[in-house]
Structure formats: C-alpha cells, structure tokens
Amino acid sequence: MDSIVVTGNGALSGAIPIAGAKNTCLKLMCAALLGDEPLTLTNVPNLSDVKTLTSLLESLGCEVASLQNGHAMVLSASEVTNRVAHYDIVRKLRASFNVLGPLIGRCGEAVVSLPGGCAIGARKVDLHLDALRAMGADITLEEGYVHASAPRGLKGAEIAFPFVSVGATENTMCAAVLAKGTTVLKNAAREPDTVALADCLRAMGADIEGAGTDEVVIRGVDRLHGTTHRVIADRIELGTYMIAPAIAGGSVELIGGERRLVGALADKLEEAGIEVADSVRGLTVRRGNAPVKSVDVTTAPFPGFPTDLQAQMMALMCTAEGTSVLEETIFENRFMHAPELIRMGAEIDVHGGHATVTGVDQLKGAPVMATDLRASVSLILAGLAAEGETVVSRVYHLDRGYERLEDKLRSVGALVERVRAE
Ligand code: EPZ
C-alpha cells in the first residue's frame with residue numbers, strides 16, 4: 001500500500017485550486033437516474049469514490065462518459081435496466097445508498113444493500129426508510145438488502161426528521177420529485193451539497209422550494225429532463241487547505257473558495273488569531289507571527305462547524321497556545337485520529353464525545369495511520385508542523401476525497417511525497 005511522507009518545512013506560500021465537491025458530486029450522479037435525458041456534470045473531482053459510484057450506476061444501466069480527464073461526465077439513464085445495488089459496491093461507498101430514492105422514484109422499485117456500519121459510527125439508514133414508508137413505499141429488509149416497492153408510485157407526504165440527516169434529506173428529496181402530490185421535509189439538512197442537489201434537480205424540471213432552509217417543499221412532476229450542472233467547490237477540501245497555513249505558518253490563497261461555504265471554520269480560525277480574507281480568486285488565509293490561540297469547537301449540521309473538519313481542527317489545536325475542547329455531536333466514533341496525533345507528541349484526552357487538547361510547543365514526526373478520510377488528512381496537516389518525518393499509511397482513504405493532495409501541498413512549499421508500494 002502507498003504511503004505519504006511529510007517533512008515539516010516551515011511556512012507555506014502560494015495558491016491552491018479547490019476541486020469540485022465530492023459529496024455534492026456523488027449525490028448529483030445518483031440523481032441522474034431520475035431522468036431519461038443526459039445529465040452533464042462539470043467541475044467533477046477526479047477521485048476514487050467517483051469511479052466507484054460510476055461502476056454502480058453502470059450496473060444499473062446508466063451510461064457514464066468521462067470527459068476532460070475525469071473532470072466532467074455525461075450520465076445517460078435513458079433506461080434503468082437493473083434495480084439492484086449490490087453489497088460489493090455499497091459497502092465501499094455509503095453515498096451509493098443514495099440510489100435508493102432515485103430508483104424507487106423513477107421505477108417504483110429498488111433493492112439496495114444496507115451499507116453497514118463504518119469506522120466513524122453506526123450510520124443507520126432508518127430515517128431514509130421511514131421517509132419512504134411515509135410516502136407509501138412498502139419496505140422490507142431481507143438478507144442485508146432493502147427491498148422497496150411502490151408499484152403505483154410514491155405519494156407526497158409531510159416528513160419531520162427527528163434530527164438532521166444530510167443523506168436522508170437528499171434521498172427523500174430525490175424520491176419526492178416524481179411522486180404524486182406535495183412532499184414537505186421538516187428539519188431538513190441545509191448543507192450546501194443539499195442546496196446544490198436541489199438546484200440541479202430544479203434545472204432538470206423539478207419543483208422544489210426552500211432548499212437551504214429547514215423546510216423544503218417538493219411538488220411532484222411527471223418527468224425530468226437533461227441539463228448541465230457545475231459542481232460547487234468542495235468546502236471540506238477548502239477547509240482542510242485553510243488549516244494548512246494556520247498550522248504550518250505562511251499565507252495561502254484558496255482559488256474558488258467562498259466564505260459562505262466555510263463560515264463556521266473561518267470564524268473559529270479568526271478567533272484563533274488567523275487572518276481569513278476574501279481575495280480576487282477566492283479566499284486567503286494567513287498566519288502572522290503570533291501563536292495560534294486555543295478555541296473550543298462543537299460540530300453541528302450546517303451552518304455549524306462541520307464534523308468533516310473536526311479532525312483537521314484538532315491537529316491545529318495540538319500546536320495552539322492553551323487548552324481547547326472539541327465536541328463531536330454528529331458521529332459517535334470520530335476521534336480515531338487522536339491516538340495517532342498522540343504518537344506525534346500531542347496531548348489529547350478523549351472522554352466520550354469530547355476531546356481536551358492541550359497545545360504543545362512542537363509535534364514530532366512519527367509513522368501513523370488512520371481509518372477514515374478526514375482523520376488521515378489531519379495527520380498530514382500535523383506532519384506539516386512536526387519536526388522530522390511523518391509517514392502516513394493507508395493512503396487509499398485520502399485518494400477517496402482529495403485530488404492530487406501531494407501536488408497541491410507541494411505547490412505551496414510543503415515537503416510531501418508519495419511512496420508507492422512495490
Ligand atoms: C454525509 O453523510 C457526508 N457524506 C459525510 O461526509 C458527513 O460527515 C455527514 O453527511 C455529516 O455532514 C456524504 O455526503 C456522502 P447524516 P451522511 O445522515 O449523509 C445518523 C466524508 O468524510 N443517522 O447527516 O451519511 C448518522 O449515523 C463523509 O466525506 C441515523 O441515525 O450523514 C449520524 O450520526 C463522512 N439514521 C447522523 O445521523 C439515518 O437514517 C448524521 O448523519 C441517517 C443518519
């Protein structure tokens with residue numbers, strides 16, 4: 001397996017282009033199943049997760065043509081020839097569970113593997129299934145698969161989610177666009193990814209109001225048509241590279257970055273003494289000579305602080321002056337980076353959903369590994385500030401979500417290298 005070697009090399013300087021958003025793109029790809037005309041996506045990130053979902057969509061009869069070196073794609077689901085999403089793929093990529101809404105919405109039938117738990121938590125899908133049941137779908141669970149059927153089509157319903165779920169909001173929204181009547185989603189996710197999905201569905205002819213608020217109203221239409229849609233900038237990639245100059249020092253411009261995508265992070269960085277400013281091409285983040293101050297962080301659904309940036313923020317807090325408390329409220333097991341950061345000399349005490357981090361003067365390079373995407377990248381960030389060499393293994397996690405990570409960091413002066421396994 002490949003590994004990435006990071007050698008602490010002081011301040012960063014330059015610009016990093018931000019790719020299209022992975023989590024937005026994956027849901028848009030699933031939505032292509034709703035229409036019989038081509039959906040063209042541009043600003044597609046060239047990532048292994050996108051390739052994995054491509055195979056699943058192809059297995060359902062959707063033709064996928066990759067263009068511009070993987071940065072654009074045309075998805076044509078003129079016919080859905082298979083309604084079974086197999087465990088082999090769904091287990092690799094949870095986002096593939098989001099073919100359920102489009103399949104049942106368009107075909108009145110779907111068999112989709114349950115995704116199972118994963119490293120960061122149990123990640124149930126009960127909210128997805130309850131919402132479809134409320135819309136009249138008959139749902140059974142057999143041998144690890146969800147069998148959903150609504151032979152006469154789904155019916156609009158009022159669905160109040162007990163807590164915010166990005167995936168359930170998006171799956172239900174897709175199911176509702178072709179349903180008979182009006183669906184109202186209460187306590188809906190307000191993530192930019194969810195708003196982008198609604199924008200794309202509207203461009204395909206759907207009638208959706210209120211995306212970006214906690215109440216979304218979807219009036220069913222008979223049919224969707226094709227469109228071309230540009231994937232928004234990846235706010236988690238953006239946030240990750242905003243933390244890079246904060247931890248290593250220096251100044252980096254994030255091309256394509258927008259403050260509205262990462263408002264909660266920008267506020268916390270400013271509270272910690274880091275400058276965040278709009279620039280002509282995006283956002284610029286600069287750390288001056290003063291030490292970084294400790295700040296407390298609690299993860300929350302958008303517009304709160306994203307759980308997907310908690311690990312990276314923890315890496316920053318390991319080098320800050322003072323003590324900070326990071327509280328994880330979204331996933332029950334998302335501190336797996338803590339023991340690895342401790343291997344690098346960090347002082348972290350994890351107790352339930354809280355981690356207390358006391359900043360140290362200097363992190364030290366060490367061999368480390370992590371079991372999920374964001375945890376892995378937090379170790380790379382820590383490596384930028386560490387003395388000596390940090391070797392991060394299990395790099396395949398990073399390849400799921402960060403396009404050309406080494407190139408991007410090298411272009412701003414970091415010493416980062418991939419060591420290919422024989
Ligand atoms: C999405 O996951 C993202 N993935 C995650 O990004 C992100 O961390 C998460 O939203 C929160 O922002 C994609 O978009 C592909 P949820 P999702 O449903 O939709 C519980 C990354 O690193 N829950 O909002 O699966 C669930 O277990 C990934 O890019 C239920 O209990 O997240 C969690 O505790 C990781 N029942 C909470 O709700 C359900 O039916 C929020 O999950 C659904 C969710």
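My aim in this report is to walk through the structure given alongside it, one point at a time. These numbers come from a predicted model, not from an experiment.

1. Notes on the pairing of strand S1 (residues 3-7)
Burial runs high along S1: 4 of the 5 residues are buried. Judged from the 5 bridges that link them, S1 and strand S24 (residues 415-419) form a sheet pairing that is antiparallel. Considered in S24, the bridge of Ile 4 is made with Arg 418. In this structure, S1 lies alongside strand S23 (residues 389-393), joined through 4 bridges in antiparallel fashion. Looking at the pairing, Val 5 lines up with Val 391 of S23.

2. Points about the site of the ligand
Surveying the vicinity of the ligand reveals 21 residues, the closest of which are Asp 126, Ser 165, Gly 167, Asp 308 and Ile 330. Within the backbone of Leu 127, a nitrogen or oxygen atom sits 2.8 Å from an oxygen atom of the ligand. Ile 330 is positioned such that a nitrogen or oxygen atom in its backbone is 2.5 Å from an oxygen atom of the ligand. In isolation the ligand offers 830 Å² of accessible surface; the protein chains occlude 87% of this area. Secondary structure elements with two or more residues in the shell around the ligand: helix H1 (22-31), helix H5 (126-134) and helix H6 (166-176). Looking at the shell around the ligand residue by residue, the class counts come to 8 nonpolar, 5 polar and 8 charged.

3. Focus: the pattern of salt bridges
A side chain of one charge can pair with a side chain of the opposite charge when the charged atoms of the two come close. The tally for this structure, following the rule as stated, stands at 28 salt bridges. A salt bridge links Arg 400 to Asp 49; the nearest nitrogen and oxygen atoms lie 2.7 Å apart. Of this pair, Arg 400 sits in helix H13 (residues 396-401) while Asp 49 sits in helix H2 (residues 48-59); the two residues are 351 residues apart in sequence, bridging distant segments of the chain. When its relative accessible area of 25% is taken as the criterion, Arg 400 is described as partly exposed. Using a relative accessible area of 2% as the deciding quantity, one classes Asp 49 as buried. Of the charged contacts, one joins Asp 407 and Arg 410 as a salt bridge, the two residues approaching to 3.0 Å between their closest N and O atoms.

4. Topic: the packing of helix H8 (residues 235-248) against helix H12 (residues 373-385)
Any two packed helices are characterised by the angle at which their axes cross and by the distance between the axes. Where H8 contacts H12, the axes come no closer than 8 Å and their chain directions differ by 20 degrees. When the interaxial angle is binned, H8 and H12 end up roughly parallel. Here H8 and H12 pass one another in a crossing that is right-handed. Across the interface between the two elements, Ile 236, Thr 240, Ile 243, Ala 244, Ile 247 and Ala 248 of H8 pack against Arg 374, Val 377, Leu 381, Ala 382, Leu 384 and Ala 385 of H12.

5. Remarks on the sheet that holds strand S12 (residues 207-209)
Reading across from one edge, S10-S11-S13-S12 is the order of the 4 strands in this open sheet, with mixed pairing throughout. Whereas interior strands pair on both sides, the edge strands pair on one side only; in this sheet they are strand S10 (158-160) and S12. Mean inter-strand twist for the sheet, computed between neighbouring axes without regard to direction, equals 15 degrees. Across 5 bridges, strand S11 (residues 182-186) lies against strand S13 (residues 215-219) in antiparallel orientation. Bridging across to S13, Thr 183 finds its partner in Ile 218.

Rules used throughout
- Residues numbered from 1 in each chain as written.
- Predicted model: local features only at pLDDT ≥ 70, side-chain atom pairs only at ≥ 80, totals over all residues.
- Heavy atoms only, no water.
- Buried < 20%, exposed > 50% of the residue type's maximum accessible area, 1.4 Å probe, protein only.
- Helix = DSSP H or I, 4+ residues; strand = E, 2+ residues; numbered from the N terminus.
- Pairing = 2+ DSSP bridges.
- Near = heavy atom within 4 Å.
- Polar contact = N/O pair within 3.5 Å; in protein donor to acceptor, adjacent residues only side chain to side chain.
- Areas by Shrake-Rupley, 256 points an atom, 1.4 Å probe, with all protein chains shown as cover.
- Nonpolar A, V, L, I, M, F, W, Y, C, P; charged D, E, K, R; others polar.
- Salt bridge = Lys/Arg side-chain N within 4 Å of Asp/Glu carboxyl O.
- Axes fitted to C-alpha atoms, helices over the stretch in contact; angles between N-to-C directions.
- Parallel < 35°, antiparallel > 145°, perpendicular 65-115°, else oblique.
- Left-handed = near helix turned anticlockwise from the far one by under 90°.
- Contact = heavy atoms within 4.5 Å.

Just geometry here; none of it tells us what the structure is for.
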